[in-house]
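Remarks on the overall topology
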Amino acid sequence: MRKYRCTICGYIYDDAKEKVKFEDLPDDWKCPLCGAPKSLFEEVKDNDTSKKEADKKDTSYVEEVDDDLRELSNYEISLICSNLARGCEKQYLEEETNLFRELSSHYESLEKSKEGNLEDIIDMVTSDINNFGNSMEVFSKYDDRGAKRVVNWASKSTNIMKVVIDAYKEKGIDYIKNTKIWVCDICGFIYIGDNPPKVCPVCRVPSFKILEVC
Amino acid sequence: MKEKSERYAYRDLKICTKDCLCLFVCPTGATDNETGQIDFDKCIGCGSCAASCPSKAISMLPRVYPKQKVKDKHVISELFKLADSKIEQIKILKNMINESSNDDEKRLYKALIHSNKVIIEDLFREAGFMLSQSTNTNKFLKSLLGKDKEIDTIINKLLSKLVVND
Ligand code: SF4
Ligand code: SF4
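None of these values were measured; they are calculated from a predicted model.

The next point concerns the domain arrangement of chain A. If you check the domain split of chain A, you get domain 1 (1-55) and domain 2 (74-110). If you average the C-alpha positions of domain 1 of chain A and of domain 2 of chain A, the two centres end up 40 Å apart.

This next bit is on the sheet that holds strand 1 (residues 3-6) of chain A. All names here are of chain A. Spatial ordering of the open sheet is given by 2-1-3, a layout of three strands whose pairing is antiparallel. The sheet is open, and its two edges are formed by strand 2 (12-14) and strand 3 (41-43), each paired on a single side. Within the sheet, the average angular offset between the axes of one strand and its neighbour, ignoring direction, is 25°. Examined bridge by bridge, strand 1 and strand 2 share three bridges and lie antiparallel to one another. Residue Arg 5 lies in a different strand from strand 2, and its bridge partner there is Ile 12.

Let us now look at the site of ligand 2. Residue and element names in this part refer to chain B. Lining the immediate surroundings of ligand 2 are 15 residues, of which Cys 26, Cys 43, Cys 46, Gly 47 and Cys 49 lie closest. Placement of ligand 2 is best described as lying within the largest cavity. Considered class by class, the residues forming the shell around ligand 2 number 10 nonpolar, five polar and no charged.

In this structure, the largest pocket spans a volume of roughly 980 Å³. In this structure, the largest pocket is lined by 33 residues; those nearest its centre are A:Arg86, A:Glu89, A:Lys90, A:Thr97 and A:Arg101. Among the secondary structure elements, those contributing two or more residues to the lining of the largest pocket are helix 2 (74-90) and helix 3 (94-110) of chain A together with strand 1 (7-11) and helix 4 (103-126) of chain B. Per-element tally for the lining of the largest pocket: the top contributor is helix 3 of chain A, with nine residues. Classifying every residue of the lining of the largest pocket gives 10 nonpolar, eight polar and 15 charged.

A few words now on the interface of chain A and chain B. Every contact between the two is made by 80 residues of chain A and, on the other side, 70 residues of chain B. In this assembly, chain A and chain B are joined by 10 salt bridges. A:Glu95 is the partner of B:Lys161 in a salt bridge, and the nearest nitrogen-oxygen pair spans 2.9 Å. At the junction of chain A and chain B, the tally comes to 26 residue pairs in polar contact (both at pLDDT 80 or more).

Before going further, it helps to spend a moment on the environment of B:Lys139. Position of B:Lys139 among the secondary structure elements: in helix 5 (residues 135-143). Relative accessible area serves as the criterion here: at 58%, B:Lys139 is assigned to the exposed category.

What counts as what
- Throughout this description, residue numbers start from 1 for each chain and increase along the sequence as written.
- Here every chain gets a letter starting at A, and every ligand a number starting at 1, in the order they are written.
- For this predicted model, a pLDDT threshold of at least 70 governs which residues receive local features, and a threshold of 80 or more governs which side-chain atom pairs are given and counted, while totals over whole chains, interfaces and linings are taken from all residues.
- Only hydrogens and water are removed before side-chain values are computed, so all heavy atoms of the structure are retained for them.
- What fixes the domain bounds is an automatic or database domain assignment.
- Each pair of strands is called paired provided DSSP finds at least two bridges between the two strands.
- Each helix is a run of DSSP H or I of at least 4 residues and each strand a run of E of at least 2, with the numbering of both proceeding from the N terminus.
- As a rule, the C-alpha atoms of each element are fitted with a line to give its axis, helices using only the stretch in contact, and angles between N-to-C directions run from 0 to 180 degrees.
- By convention in these notes, a residue is near a molecule or strand provided one of its non-hydrogen atoms lies within 4 Å of it.
- For each structure, a 1 Å grid was placed over the protein atoms alone; sets of points admitting a 1.4 Å probe that cannot get out are labelled cavities, open sets with protein on both sides within 12 Å along at least five of seven lines are labelled pockets, and lining residues have an atom within 4 Å of a point.
- Throughout, a molecule is located in a cavity or pocket provided that more than half of its atoms lie within 2 Å of its grid points.
- Ten residues, namely Ala, Val, Leu, Ile, Met, Phe, Trp, Tyr, Cys and Pro, are considered nonpolar, four, namely Asp, Glu, Lys and Arg, are considered charged, and the remaining ones, Gly among them, are considered polar.
- Grid points are joined across faces, edges and corners, and a volume is the space filled by probe spheres set on the points.
- A contact between two residues is defined here by any heavy atoms of the two lying within 4.5 Å.
- The term salt bridge refers to a pairing of a side-chain nitrogen on Lys or Arg with a carboxyl oxygen on Asp or Glu at a separation within 4 Å.
- Throughout this description, a polar contact denotes any pair of N or O atoms lying within 3.5 Å of each other; where both atoms belong to protein, one of them has to be capable of donating a hydrogen while the other can accept it, and for residues adjacent in sequence the pair is counted only when both atoms sit in side chains.
- Exposed residues in this analysis have more than 50% of their type's maximum accessible area, buried residues have under 20%, and partly exposed residues fall in between, with area computed by a 1.4 Å probe over protein chains only.

And the structure:
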């Protein structure tokens, strides 16, 4: 009997407790908690984690970087400001929150959109997913737990993003027609369905932070 | 005058049910205030109100926030790399929304943009922009000055309101 774990939300599928063995589940079976496909599950092996850690060589690639902050792009400025607005909101600084929001929209309006299609997005999302591992190693090397936390969430939410885009590509507009789309406002987790999960499967916030997209 | 306490009580008016245990326990009367907010000049930071509030509507806020953790430049550059890829995706998705004529499809693209934005904001928070009162934020704001008069007004307001803490 084997056990499998959803790499997105941690849900455990235990062959011993289910009627159908994991192996025999259909290919379009999805995680009941977060909607991740079967392919994002991994087998749970007892005591194998320590060995895996020890086998890992330090292969992280760290670039040389300049000390000076380079010139920031408009979108970078816009999103740094909207992040600071969120921070001010948490500190109950209402006026500052609004001022940062104004700055953020101003810089967003300066940015031009760019030609491209769904295939380009899929390529970029795929390359993001492949890069998270290296980032994680860099953050481990500098022992930055905050940065590790953000890649942990970002990689999960980005994996789900890919699942959603792939499903849309395969099933077409029927996949999202007559269904609601939700985004977790804390970690970016996307959910397609009538009601959002009670807590976000990625960052565990309660569902009132998971917002419907209209 | 006596020195101010390190912390002061702040009431979240959206959560407060106005049923007033905090009024009974406050030794200085700071919680009973015509504005509905706690008088932070009177508050001595004892925390009794926060401890008694049945709705968890009161937070004890520091008058000065602690220093923000300094981030290694390699960590920052890595976080920016992750963010920049997502920024390029937002640019393309915006264009895709403009060119699409299907509302459901637009909704999906909007969701992807929203998700990317949330993730990027989080990446930037970890890249040294956690606290608005940090030197890092102060430098950032100053670097934006001098390009647009209206924007300068906003930035100057922020610079005067946000006292640098480190
Ligand atoms: S005890 Fe809490 S809920 Fe009651 S009035 Fe005070 S802040 Fe509001
Ligand atoms: S912290 Fe103490 S002094 Fe300040 S408002 Fe609350 S009860 Fe009153």
